[in-house]
There are 4 protein chains.
Amino acid sequence: MIAILKHDATPSQVEHLVSWLKNMNLDVHISQGAEVTVLGLVGDTSRVDMDLLKSLDMVDSVKRVSEPFKQANRKFHPLDTVVEVGGVKIGGGHFAMIAGPCSVESEDQIIEVAQAVKASGANILRGGAFKPRTSPYAFQGMKGEGIQLLMKAREATGLPIVTEIMNISTLDLFADVDIIQVGARNMQNFDLLKELGKTNKPILLKRGLANTIQELLMSAEYIMSEGNDRVILCERGIRTFETATRNTLDLSAVTVLHNLTHLPVVVDPSHATGKANLVAPMAYAAAACGADGIMIEVHNNPSCALCDGAQSLTPVQFDALNKKVQKIREAIL
Amino acid sequence: MIAILKHDATPSQVEHLVSWLKNMNLDVHISQGAEVTVLGLVGDTSRVDMDLLKSLDMVDSVKRVSEPFKQANRKFHPLDTVVEVGGVKIGGGHFAMIAGPCSVESEDQIIEVAQAVKASGANILRGGAFKPRTSPYAFQGMKGEGIQLLMKAREATGLPIVTEIMNISTLDLFADVDIIQVGARNMQNFDLLKELGKTNKPILLKRGLANTIQELLMSAEYIMSEGNDRVILCERGIRTFETATRNTLDLSAVTVLHNLTHLPVVVDPSHATGKANLVAPMAYAAAACGADGIMIEVHNNPSCALCDGAQSLTPVQFDALNKKVQKIREAIL
Amino acid sequence: MIAILKHDATPSQVEHLVSWLKNMNLDVHISQGAEVTVLGLVGDTSRVDMDLLKSLDMVDSVKRVSEPFKQANRKFHPLDTVVEVGGVKIGGGHFAMIAGPCSVESEDQIIEVAQAVKASGANILRGGAFKPRTSPYAFQGMKGEGIQLLMKAREATGLPIVTEIMNISTLDLFADVDIIQVGARNMQNFDLLKELGKTNKPILLKRGLANTIQELLMSAEYIMSEGNDRVILCERGIRTFETATRNTLDLSAVTVLHNLTHLPVVVDPSHATGKANLVAPMAYAAAACGADGIMIEVHNNPSCALCDGAQSLTPVQFDALNKKVQKIREAIL
Amino acid sequence: MIAILKHDATPSQVEHLVSWLKNMNLDVHISQGAEVTVLGLVGDTSRVDMDLLKSLDMVDSVKRVSEPFKQANRKFHPLDTVVEVGGVKIGGGHFAMIAGPCSVESEDQIIEVAQAVKASGANILRGGAFKPRTSPYAFQGMKGEGIQLLMKAREATGLPIVTEIMNISTLDLFADVDIIQVGARNMQNFDLLKELGKTNKPILLKRGLANTIQELLMSAEYIMSEGNDRVILCERGIRTFETATRNTLDLSAVTVLHNLTHLPVVVDPSHATGKANLVAPMAYAAAACGADGIMIEVHNNPSCALCDGAQSLTPVQFDALNKKVQKIREAIL
């Protein structure tokens with residue numbers, strides 16, 4: 001860590017600061033320049049409160065040189081992590097095609113969709129049982145019963161299942177779930193992350209709407225620091241001024257993450273864009289830039305004229321999408 | 001709620017949509033224009049999934065006419081809510097001057113700060129016991145012990161106390177806390193909000209970094225819909241592209257909220273700006289635009305040359321700030 | 001255009017508003033609902049000041065039903081526009097591979113790069129002569145002399161050239177330029193757009209850092225409304241809270257634009273990301289989601305150890321990039 | 001300027017970089033740390049291309065130590081600049097109350113408003129003659145004729161006038177204007193700024209919608225570097241994700257600017273918020289945090305029931321606003 005001090009910092013202020021830092025068991029290298037004094041801090045700086053340091057009057061700026069995440073850091077773990085679950089591998093060249101309905105609604109529905117997406121090449125089934133909703137008056141999901149139905153769909157198809165947890169008190173219900181998802185709104189629910197770090201399940205961690213790539217990695221670090229290193233990161237759009245799409249999908253995050261971490265990175269174009277006609281182009285783009293998987297909402301309601309054009313694709317559209325995604329993956333080999 | 005259909009929606013699509021909406025016990029008024037068809041939905045539209053509706057191909061846009069929040073809505077509750085706690089009133093012309101350290105560190109520290117801020121006009125004591133930290137390696141607060149020390153400071157000064165909860169499983173530790181704070185990162189931790197709605201404690205609900213004013217009100221609604229209507233809203237800065245301040249304090253939110261809701265609105269300039277020299281000007285601005293209270297970080301470390309200039313004010317600075325805030329409040333009467 | 005009035009608008013207010021609107025030669029259809037009154041405005045609403053209308057107390061919200069852009073609108077011009085310049089076609093299935101250095105520096109440099117990128121498959125040469133720089137003290141480009149050198153490079157290679165204009169008073173210098181670029185900072189320099197609309201040159205119009213997709217189309221409309229319909233749109237990243245990349249490339253804009261307009265859309269991954277290792281993945285993603293072209297910075301400084309890794313690619317890297325882009329374009333056919 | 005090099009930079013890369021920097025007449029101090037090498041660059045670093053430096057593979061980050069603006073910098077000019085025009089002073093404790101209509105519409109209108117706002121305490125008259133509009137089909141202002149009418153209003157009231165320029169080719173029309181305004185969309189129209197720097201008129205420079213505080217100061221520097229140091233900065237809201245207000249007024253920018261520069265800073269709450277009921281609270285907040293002036297839209301259309309509630313205040317509302325603003329200014333003395 002490097003702290004740049006303002007040119008008007010007095011010698012006694014600098015001395016105070018240096019002794020305070022040394023009290024934290026840090027070595028401090030002082031480099032006095034013409035306009036500025038630079039302190040180089042060596043040692044375990046992960047406990048240094050950067051915000052406090054930055055807020056000092058004498059400090060111009062503070063810069064971490066070593067990233068504050070360790071276990072998620074590619075520097076200390078150069079090889080890609082491959083997460084394996086239910087016979088499916090994700091990362092290190094293995095691609096996850098995760099598909100399924102937004103919400104689990106009934107046994108027939110989830111089994112039918114599961115069979116359709118499997119036939120079209122999906123290798124993991126998604127479906128919401130606990131639904132985070134902005135309004136307390138909106139449908140909040142089938143909860144435990146929804147998880148039971150997902151397990152029946154797994155039995156029928158062999159596809160491992162991923163579903164979202166909202167509250168650590170419901171963890172028992174996820175005992176037989178293959179991958180536990182943490183939603184964007186809970187990305188910094190640190191107590192939840194720590195508890196999930198004590199399980200042995202793969203965690204699909206979605207980036208928060210207003211969270212930086214580094215904050216996403218720090219949240220992964222919360223899980224990993226408790227012993228669970230099977231974390232899958234998910235880019236799903238960030239909040240910007242643009243209103244033409246629900247969120248702005250940040251595909252450059254895929255490459256930035258691949259440079260910083262060994263963890264697999266998947267992309268969810270359905271939630272990012274909110275419009276069916278954007279899902280396929282963004283899925284192709286995600287595959288082209290090297291994502292380790294994509295997550296697609298698929299419904300099965302052929303009789304429902306309404307549903308065509310919604311954020312969810314039909315099984316037929318998903319089938320076409322998957323074929324092109326595979327061709328693009330070959331093109332970039 | 002109004003749904004505007006695209007001009008190329010077919011009659012059979014419109015018919016499907018209308019019958020689907022009627023199945024939700026809504027009356028549907030169809031207004032066929034030259035370029036567009038407008039559906040007016042009457043009834044309990046709070047359960048209608050706007051995102052689904054918007055995502056349909058035939059739908060151009062959807063607009064709520066009645067706000068989706070009810071109990072927080074000033075239309076149905078025109079008079080200002082006054083939250084009363086430990087003899088202090090907030091809202092409806094009553095001003096909360098909340099002050100205290102970022103974190104509780106020791107009995108001496110918290111009692112000393114409490115006495116200092118009380119002497120300078122604070123009427124509520126703040127202090128963090130559970131600290132949400134981006135890094136798992138950073139200090140996470142004194143937890144239950146911190147709450148015990150806050151209660152000692154209350155005993156010593158008579159000031160009611162406010163402190164943050166991060167996890168519903170720790171609720172027992174808050175049994176004697178006066179006001180429970182929900183931090184920005186937990187603003188959409190809906191399960192936590194629902195549980196707090198079952199308590200009889202005032203809740204200080206901070207706006208999330210990337211959350212709209214309406215989402216803040218929907219989170220208040222989660223608490224209120226469970227029976228607890230003592231909610232205090234808090235603006236504490238939003239995330240924007242500007243990096244000169246930690247966040248961008250959105251003071252227009254104070255007036256927008258006052259128009260939409262009867263709940264009191266306080267402002268936290270310390271966390272929003274991250275720099276001591278911005279705290280006082282933003283506190284004055286908050287008072288001038290009609291906030292029902294402000295929250296200020298104050299430390300008591302006279303021997304610590306470091307601390308001057310940090311985000312926290314000294315007791316002496318806080319004293320001066322409070323005097324000007326009171327003068328500004330008189331100026332806008 | 002639809003105006004939704006608040007439920008407390010008085011009949012006399014509504015009457016005033018309606019007569020004001022009728023004075024603008026609009027037909028007004030009034031639809032009185034239970035909670036709300038909706039006015040449907042029919043006629044030439046492009047002159048109605050939406051901001052004024054929105055700002056009225058009695059008005060809840062205003063919604064354009066027909067897009068405010070006409071000549072750029074795909075509804076009125078369903079077929080893709082193909083811009084043809086110097087024997088190269090852009091749009092409607094024709095792909096522009098635009099490459100060249102950030103700035104023109106010398107005759108040798110620009111001719112050498114031009115020959116290299118042509119050999120690797122570029123069909124248009126880019127190079128900055130007038131450089132918009134945040135600082136008045138930074139190098140502002142070779143200006144007119146730079147344009148002369150670009151023309152020499154065109155002579156040597158046959159590649160048509162594109163370069164940026166900053167000020168209409170320099171238009172004469174662009175008389176022999178093939179495509180005139182309008183930079184992101186000038187996207188809403190309306191007087192410049194109008195003058196360019198009077199030329200017969202293709203205009204490459206870059207999206208502003210904080211401009212919506214609709215504003216980009218309105219700026220295209222400024223050019224087209226003066227008679228020049230050869231506009232090429234360019235997505236080059238928007239400003240968000242994320243600091244890991246210079247800007248956030250909004251690739252969903254490509255598909256959104258293709259739905260709304262018939263104009264070709266190209267993507268500039270070099271400026272959007274600011275890092276060489278992100279250029280290729282984002283170029284692949286742009287090709288995969290259907291962009292009509294990409295713009296890549298390429299330098300030719302094999303002896304400069306510095307330059308490797310900068311935002312600009314080497315000719316060798318560009319050659320590899322172009323091969324993969326072509327394979328991806330085949331994969332999505 | 002400080003450049004932090006990655007720990008895997010090779011000695012030969014570092015050597016290349018250092019010699020490249022020395023070629024730019026910079027002294028380079030190398031500080032080799034355990035994890036990192038820091039280069040301290042001394043000399044005229046304002047010409048160093050930070051973006052290029054940052055984009056090098058071996059470079060972790062680059063940090064300016066001295067601000068890139070010189071003439072606008074408070075460090076080199078500690079005393080507040082006071083801009084004096086037509087007998088009115090702005091800055092250094094002198095407050096500008098700028099008021100007037102959005103657009104000049106007729107002689108009667110502008111004179112009537114001018115007289116009303118003067119009577120209520122305004123000391124400068126504003127009014128748009130050239131109007132930057134998103135749509136080419138919208139009213140673009142009375143142009144030269146509007147400026148003539150503003151001058152008649154000045155004659156009638158003695159108030160100096162401020163109006164916006166959009167295009168340097170119209171500069172002659174501004175020969176008798178007191179203050180020339182540069183709008184948000186032109187904040188980085190560098191050629192326009194340079195030309196205005198050659199005039200001897202005060203320039204009111206508005207912050208761009210997506211521009212940082214530092215970029216605003218660099219644009220002021222463009223004007224000042226040409227010899228014109230009478231620049232007034234204006235905060236008028238930035239673009240964020242929040243849609244409840246037209247833009248998000250960033251009042252902390254007032255204090256941040258006062259710390260960085262000696263130039264006066266005014267606030268425009270009318271354009272920032274877009275709603276009349278937010279103008280007064282934000283004007284009070286601006287005064288409370290120390291702004292050197294505010295700019296308020298006032299209309300005079302007592303017979304127009306429509307206009308009440310629009311973004312513009314009535315003269316009566318403006319009168320009340322001004323009285324409270326003055327009381328707040330006394331409160332913070």
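Residue positions within a chain follow its written sequence, with the count starting from 1. Whichever chain is written first is A, and whichever ligand is written first is 1; the rest continue in order. At least 70 in pLDDT is required for a residue's local features to be given in this predicted model, at least 80 for side-chain atom pairs to be given and counted, and no such filter applies to totals for whole chains, interfaces and linings, which use all residues. Note that the side-chain values use all heavy atoms of the structure and ignore hydrogens as well as water.

Colleague: Just give me the short version of the overall build of chain A, but keep the residues and values in it.
Modeller: Counting from the N terminus, the helices are DSSP H or I runs at least four residues long and the strands are E runs at least two residues long. Across its full length, chain A holds ten helices and 14 strands. Projected onto its principal axes, the C-alpha positions of chain A cover 75 × 40 × 40 Å. Burial classes follow relative accessibility: with a 1.4 Å probe on protein chains only, a residue under 20% of its type's maximum area counts as buried, one over 50% as exposed, and anything between as partly exposed. Here chain A, with 333 residues, has 65% of them falling under the buried criterion. Partitioning the contacts of chain A with sequence separation of at least 6, the portion at a separation of at least 24 is 67%. Looking at chain A as shown, the accessible area adds up to about 11,600 Å², and 49% of this sits on carbon and sulfur atoms. Residues scored as charged are limited to Lys and Arg (positive) and Asp and Glu (negative), so that His and the chain ends carry no count. Lys charges are placed at NZ, Arg charges at CZ, Asp charges at CG and Glu charges at CD. Side chains of chain A carry 32 positive and 37 negative charges; the gap between the two charge centres is 3 Å. By definition, residues are in contact when any of their heavy atoms lie within 4.5 Å. Working definition of accessibility: Shrake-Rupley area with a 1.4 Å probe, residue cover restricted to the visible protein chains.

Colleague: Can you lay out helix α3 (residues 107–119) of chain D for me, pointing to particular residues and giving the numbers?
Modeller: All names here are of chain D. For a helix, the expected span equals 1.5 Å multiplied by the number of residues minus one. Taking 1.5 Å per residue, 13 residues should reach 18 Å; α3 reaches 18 Å between its end C-alpha atoms and fits that length. Gln109, Ile110, Ile111, Val113, Ala114 and Val117 are the residues of α3 that are buried. Buried residues along α3 sit against β7 (96–100), β8 (124–126), α4 (144–157) and α10 (315–331). Following α3 by one or two positions, glycine 121 has its phi on the positive side, about 110°.

Colleague: Account for the packing of aromatic side chains, with residues named and values stated.
Modeller: Classification of ring pairs uses Phe, Tyr and Trp, with its six-membered ring standing for Trp, and accepts pairs whose centres are within 6.5 Å; under 30 degrees between planes counts as stacked, over 60 as edge-to-face, and the remaining range as tilted. Applying the stated rule across the entire model yields eight aromatic pairs over all chains. Judged by centre distance (4.6 Å) and plane angle (20°), the ring pair of A:Phe190 and A:Tyr222 falls under stacked. With A:Phe190 in helix α5 (residues 190–197) and A:Tyr222 in helix α6 (residues 213–224), the pair connects residues that are 32 residues apart, well separated along the chain. Both residues of the pair, A:Phe190 and A:Tyr222, count as buried. For the pair D:Phe130 and D:Phe174, a centre-to-centre distance of 5.9 Å together with 25° between the ring planes defines the contact as stacked. A residue pair is termed long-range when its members are at least 10 positions apart, and D:Phe130 in the loop between β8 and α4 and D:Phe174 in the loop between β9 (161–165) and β10 (179–182) qualify at 44 residues. Accessibility assignment for this pair places D:Phe130 and D:Phe174 in one class, buried. Taking NZ or CZ as reference, A:Lys70 lies 5.8 Å from the ring centre of B:Tyr137, over its face. Note on geometry: a ring has a charge over it if NZ (lysine) or CZ (arginine) is within 6 Å of the ring centre and within 35 degrees of the ring normal.

Colleague: Describe the relation of the copies chain D and chain C, and please don't skip the residues or the numbers.
Modeller: Superposition of the copies was done by least squares, using only C-alpha atoms of residues whose pLDDT is at least 70 in both. Of the two same-sequence chains, chain D is brought onto chain C (RMSD 0.0 Å, axial shift 0.0 Å) by a rotation of 180°. Within this description, the copies of the chain are treated as partners about a two-fold rotation axis. In terms of C-alpha distance to the rotation axis, chain D has D:Ala210 as its closest residue, with the C-alpha 2.7 Å off the axis. Of the interface residues in chain D, 100% have counterparts in chain C that sit at the interface too, so the contact is made through matching surfaces.

Colleague: Report on the nonpolar core, specifying residues and quantitative values.
Modeller: Within this scheme, the nonpolar core is defined by two criteria: the residues are buried Ala, Val, Leu, Ile, Met, Phe, Trp, Tyr or Cys, and they are joined through side-chain atoms within 4.5 Å. Ranked by internal contacts, the top residues of the largest apolar core, which has 317 residues, are A:Leu321, B:Leu321, C:Leu321 and D:Leu321. Setting aside its immediate chain neighbours within four residues, B:Leu321 contacts B:Met97, B:Val279, B:Ala280, B:Ala283, B:Tyr284, B:Ile294, B:Ile296 and B:Leu313.

Colleague: Give a description of α6(A) that names residues and reports values.
Modeller: Residue and element names in this part refer to chain A. With twelve residues, α6 should reach 16 Å at 1.5 Å per residue; the first-to-last C-alpha distance of 17 Å fits that figure. Counting buried residues in α6 gives eleven out of twelve residues, a clear majority hidden from the surface. Where α6 is concerned, the buried positions are Ile213, Glu215, Leu216, Leu217, Met218, Ser219, Ala220, Glu221, Tyr222, Ile223 and Met224. Each element contacted by the buried residues of α6 is listed here: α5, β11 (203–206), β12 (231–235) and α7 (252–260).

Colleague: How would you explain the sheet that holds strand β7 (residues 96–100) of chain B if you had to name every residue and give the values?
Modeller: Residues and elements named next belong to chain B. Each pair of strands is called paired provided DSSP finds at least two bridges between the two strands. Pairing is parallel around the closed barrel formed by eight strands, whose spatial order is β7-β8-β9-β10-β11-β12-β13-β14. Ignoring strand direction, the axes of neighbouring strands in this sheet form an average angle of 30°. Pairing geometry for strand β13 (residues 265–267) and strand β14 (residues 293–297), over two bridges, is parallel. By the bridge assignment for β14, valine 266 is matched with glycine 293. Across the sheet, helix α5 (residues 190–197) touches β9 (161–165), β10 (179–182) and β11 (203–206), and the angle it forms with β10 is around 165°. Lines fitted to C-alpha atoms define the axes, with helix axes restricted to the stretch in contact, and inter-axis angles between N-to-C directions lie between 0 and 180 degrees.

Colleague: Residues and numbers for the environment of C:Asn322, please.
Modeller: Residue and element names in this part refer to chain C. When you line up the elements, asparagine 322 lands in helix α10 (residues 315–331). A residue is classified by how much of its surface remains accessible, and asparagine 322, at 7% relative accessible area, is buried. Spatially, the C-alpha atoms of asparagine 322 and arginine 236 are 19 Å apart, while their sequence positions differ by 86 residues. Setting aside its immediate chain neighbours within four residues, asparagine 322 contacts Met97, Ser120 and Gly121.

Colleague: Mind laying out the relation of the copies chain B and chain A, listing which residues take part and the relevant values?
Modeller: Mapping chain B onto chain A leaves a residual RMSD of 0.0 Å; the transformation is a rotation of 180° accompanied by 0.0 Å of translation along its axis. Most of the interface of chain B is mirrored in chain A, where 100% of its interface residues again form contacts.

Colleague: Outline the packing of α3(D) against α4(D), supporting the account with residue identities and numerical values.
Modeller: All names here are of chain D. The geometry of α3 relative to α4 is characterised by a closest axis approach of 9 Å and an angle of 40° between their N-to-C directions. Viewed along their axes, α3 and α4 adopt a mutual orientation that is oblique. Crossing of α3 over α4 shows right-handed handedness. Contact with α3, carried on its side by Glu107, Ile110, Ile111, Ala114, Gln115 and Lys118, involves Leu149, Leu150, Lys152, Ala153, Ala156 and Thr157 of α4 and no other residues of that element. Here roughly perpendicular refers to angles of 65 to 115 degrees, roughly parallel to angles under 35, roughly antiparallel to angles over 145, and oblique to all remaining angles. Each crossing gets its handedness from the near helix: less than a right angle anticlockwise from the far helix is left-handed, clockwise is right-handed.

Colleague: Explain the interface of chain D and chain C residue by residue, including any values.
Modeller: Chain D puts 51 residues into the contact, and the matching count from chain C is 51 residues. Salt bridges are counted wherever a side-chain nitrogen of Lys or Arg sits within 4 Å of a carboxyl oxygen of Asp or Glu. Inspection of the chain D/chain C interface yields two salt bridges. Those elements that place two or more of their residues in the side of chain D that touches chain C are α1 (11–22), α2 (50–55), α5 (190–197) and α6 (213–224) of chain D.

Colleague: Requested: an account of the pairing of strand β9 (residues 161–165) of chain C, with residues and values cited.
Modeller: Residue and element names in this part refer to chain C. Counting buried positions along β9 yields five of five residues, so the element is predominantly enclosed. Of the strand pairs in this sheet, strand β8 (residues 124–126) and β9 are connected by two bridges, and their pairing is parallel. What sits directly across from leucine 125, in β9, is isoleucine 161. Each parallel crossover has a hand, and the one from β8 via helix α4 (residues 144–157) to β9 is right-handed. Bridge count for β9 against strand β10 (residues 179–182) is four bridges, and the pairing is parallel. Bridge assignment links threonine 163 to a residue of β10, and that residue is isoleucine 180. A crossover counts as right-handed when, viewed with the strands pointing away from the observer, the path leading from the first strand over the helix to the second turns clockwise.

Colleague: Outline the environment of D:Gly93, supporting the account with residue identities and numerical values.
Modeller: Mapping D:Gly93 onto the fold places it in the loop between β6 (88–90) and β7. For the pair D:Gly93 and D:Leu56, spaced 37 residues apart in sequence, the C-alpha separation works out to 46 Å.

Colleague: I'd like a rundown of the pairing of strand β12 (residues 231–235) of chain B, residues and numbers included.
Modeller: Residue and element names in this part refer to chain B. Among the five residues that make up β12, five are buried, leaving the element largely enclosed by the rest of the structure. Of the two faces of β12, the one holding Val231, Leu233 and Glu235 and the one holding Ile232 and Cys234 are both buried throughout. As judged from the four bridges shared by β11 and β12, these two strands associate in the parallel manner. Pairing of isoleucine 203 across the sheet is with valine 231, part of β12. Note on the crossover from β11 through helix α6 (residues 213–224) to β12: the handedness is right-handed. In this structure, β12 lies alongside β13, joined through three bridges in parallel fashion.

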